[in-house]
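Structure at a glance
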Amino acid sequence: MTALLEVKGLKAFYGQTQALYDIGFEIASGGITTLLGANGAGKTTTLRAICNMLRTEGTIRFDGQDIVGKATEEIVRLRIAHVPEGRGTFTTLTVEENLRIAAYTRRDKAAVRADLERVFVYFPRLKERLQQQAGTLSGGEQQMLAIARAVMLKPRLMLFDEPSFGLAPLIVVEIFRIMRRINEEEKVSMLLVEQNAALALDLADTAYVLETGRVVMSGPASVVKNDENIRKSYLGY
Amino acid sequence: MEQFLQQIASGLANGAIYACVALALVMIYVSTDHINFAQGEMAMFSTYFAWQLMDWGANYWVAFVAAVLLSFVMGVVVERVILRPLHNAPVLSIVVVFIGLLAIFNSTAGSIWSYLIKEFPSPFPKSSFGIAGVIGPHQLGVVMVTMVVLGLLFLFFRYTPLGLAMRAAAQNPQMARLVGVRVDWMLALGWGLASAVGAVAGIMVAHIVYLDPNMMAGILLYAFAGALVGGISNPGGAVLGGFIVGVLENMVAFAGNQIEKATGVYIIGNGEKLTVALIIVIFVLTVKPAGLFGRVVVKRV
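We now turn to the structure provided with this report. (Residues numbered from 1 in each chain as written. Chains lettered and ligands numbered in written order. Predicted model: local features only at pLDDT ≥ 70, side-chain atom pairs only at ≥ 80, totals over all residues.)

Observations regarding the pairing of strand β9 (residues 206-211) of chain A
Every other side chain in a regular strand lies on the same face of the sheet, so the side chains alternate between the two faces. Residues and elements named next belong to chain A. Definition in use: Exposure classes come from backbone-placed C-beta atoms, where a residue is buried if 20 or more other C-beta atoms lie within 10 Å of its own, exposed if 12 or fewer do, and partly exposed in between. Labels follow the DSSP assignment, with helices taken as runs of H or I lasting at least four residues and strands as runs of E lasting at least two, numbered in each case from the N terminus. By this definition, two strands are paired if DSSP reports at least two bridges between them.
The element β9 is extensively covered by neighbouring structure, given that 5 of its 6 residues are classed as buried. Of the strand pairs in this sheet, strand β3 (residues 32-36) and β9 are connected by 4 bridges, and their pairing is parallel. Each bridged residue has a counterpart across the sheet, and for T34 the counterpart in β9 is A207. As defined by bridge partners, β9 adjoins strand β10 (residues 214-220) across 6 bridges and the pair is classed as antiparallel. The partner of T206 across the bridge, within β10, is P220. Counted between consecutive antiparallel strands, the loop separating β9 from β10 contains 2 residues, among which T212 sits at a positive phi close to 35 degrees.

Spelled out as structure tokens, the structure:
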């Protein structure tokens, strides 16, 4: 498998403060990669750096094309869908409008309609709430909406930032199951940032462990998961 | 009774104008959190566009459409050239820029077209238009034109992908970028639309207040009052607020006149209309800052 996303020597800055020092990883086409690490390790920042939401240096190659320095909205147009921390709901728009806006950059109207129907297969609950203001949805439903919205972009790569955050365990399990389905059925690659390392390692095929803005180790998810040293020193469980 | 209806009708006609300018203010406010103090002067400038075109021989409606389109371009250019570099500037800098714009538009109009008051025609036929004794032809026309414009805007924002993108960009710019919306252009487009709506108001009101560089000063205040009454964060509310203020100011003056007639004591009259608007502004800001239809926005600091 060839790498869809290739990151090398990535540095990122919040104003004067450097948050990432040397991040490098790859995402195989069709694969699921996870970034693990403690709070402040730079996981979220790495996702934000890919979408150029802060100042970055280094190399980020998507499908062979260097995307460092491109505007966020142009990177999105390459079909990289970001499911952000806090879900990024358009609270005053309806659920339906939230889904439609995600297809704003697409010109294939018939395919958009088909995708909308498929999204309802993944998330039947959203169909019931179509005309509701998105801000009135529960946390779990808003997370579903955020993922559904990302699917509506017809992405080649999906970036997930803490999809389990603040949700009841049962909902989390459901959401992760749907994420796997989406990965298989939509043939979309995924990059997952997650506090819940056990959950992430179950879903992912490759894992990278971050510490203070650097990659400190990496390997197949199954290996990382069963390595007691890594677990104890970096993942805290 | 007839007088009362007359006052209501002319209040609605004025209210239509305020509603347009209020909507222009709100359109910029919801996407940038700033009140464009130059909105009125931009509308005045647009009205001069229309006057100039007619002076060169254009038909009223040709001049109207051309001036509205020109104003749209003017709004886009102002945003791209002047406000774009200030996206991250502190609030106070932006306020100063707005005041500067106000002065620039005002004095530019004065130097091009002079400060002499000009008459501005009405396109609505005197006979067979309006309801005798209640509403005049121009007033009825104003209400109709503004209703059409407001209706078109509503349809645009509610049902077109571009309108949806503009609402999304106003509500959550960062997420809008993450679905591929070019947020900066949406802002410029918002300025263009606000400027165009302001132009409609300016051209419609010029027949009533006459054309001069200061014609919009009072109207901007009324519109601001209307936007506040309706809720500065709610476009529909602002429109309604504009109408409410228009009718209210007339009612207050009407009541004052009736009292004077009955008792001979002068309390309030036409001269105090603008004061009423200011009292409304202060009242709303102290008692119900979110307005009648606005939402209370809680900001985390």
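Moving on from the model shown.
As for the interface of chain A and chain B
For the record, the criterion: C-beta atoms are placed from the backbone for every residue, and two residues are taken to be in contact when these atoms lie within 7 Å. For this classification, Asp, Glu, Lys and Arg are treated as charged, while Ala, Val, Leu, Ile, Met, Phe, Trp, Tyr, Cys and Pro are nonpolar and the rest, including Gly, are polar.
Listed per partner, the contact involves 19 residues of chain A and 14 residues of chain B. Mapped onto the side of chain A that touches chain B, the elements with two or more residues apiece are α2 (72-77) and α3 (95-102) of chain A. Considered class by class, the residues forming the side of chain A that touches chain B number 9 nonpolar, 5 polar and 5 charged.

Thoughts on the nonpolar core
Basically, it comes down to this: Joining buried Ala, Val, Leu, Ile, Met, Phe, Trp, Tyr and Cys residues through C-beta atoms within 7 Å gives a set, and that set is a nonpolar core.
Counting residues in each nonpolar core, the largest one holds 169 residues, and the members touching the most others are B:C20, B:V21, B:A22 and B:L23. Setting aside chain neighbours within four positions, we find B:L23 in contact with B:L150, B:V197, B:P235, B:A238 and B:V239.

Points about the packing of helix α1 (residues 2-32) of chain B against helix α10 (residues 235-263) of chain B
Residues and elements named next belong to chain B. Basically, it comes down to this: Here the axes come from fitting lines to C-alpha atoms, over the contacting stretch only for helices, and the angles between their N-to-C directions go from 0 to 180 degrees. Each crossing gets its handedness from the near helix: less than a right angle anticlockwise from the far helix is left-handed, clockwise is right-handed.
For the pair α1 and α10, the least separation of the axes is 6 Å and the interaxial angle reads 145 degrees. Relative to α10, the crossing made by α1 is right-handed. Its residues assigned to classes, the contact of α1 with α10 comprises 18 nonpolar, 9 polar and 1 charged.

Some details on the packing of α1(B) against helix α9 (residues 217-230) of chain B
All names here are of chain B. Using the following cut-off: Each angle is binned into one of four classes, with values under 35 degrees roughly parallel, values over 145 roughly antiparallel, values of 65 to 115 roughly perpendicular, and all other values oblique.
Axis separation between α1 and α9 bottoms out at 8 Å; the angle between their running directions is 70 degrees. In terms of axis orientation, α1 runs roughly perpendicular to α9. Our pair here, α1 against α9, has a crossing hand that is right-handed. Two secondary-structure elements touch here, α1 through I17, Y18, A19, V21, A22, L25 and V26 and α9 through I219, L220, Y222, A223, F224, G226, A227 and G230. Class assignment for the residues of the contact of α1 with α9 results in 13 nonpolar, 2 polar and no charged.

Brief notes about the environment of A:I182
All names here are of chain A. Along the polypeptide, I182 turns up in helix α7 (residues 169-185). The exposure class assigned to I182 is buried, which follows from the 21 C-beta atoms found within 10 Å. With 63 residues separating them along the chain, I182 and V119 place their C-alpha atoms 9.5 Å apart. The residues contacting I182, other than those within four sequence positions of it, are Y122, V151 and V188.

Observations regarding helix α1 (residues 43-50) of chain A
Counting buried positions along α1(A) yields 7 of 8 residues, so the element is predominantly enclosed. Among the residues trailing α1(A), A:N52 stands out with phi positive, at a value near 55 degrees.

Some details on unusual backbone geometry
In this structure, A:T212 is a non-glycine residue whose phi angle is positive, near 35 degrees. Judged by C-beta crowding, with 13 C-beta atoms within 10 Å, A:T212 ranks as partly exposed.

Description of the pairing of strand β1 (residues 3-14) of chain A
Residue and element names in this part refer to chain A. Across 8 bridges, the pairing between β1 and strand β2 (residues 17-28) is antiparallel. Bridging across to β2, A12 finds its partner in L20. The hairpin formed by β1 and β2 contains 2 residues between the paired strands, and G15 there has a positive phi angle of roughly 60 degrees. Pairing analysis gives 7 bridges linking β1 to strand β4 (residues 55-62), with the strands arranged antiparallel. Within β4, the residue paired with A12 across the bridge is T56.

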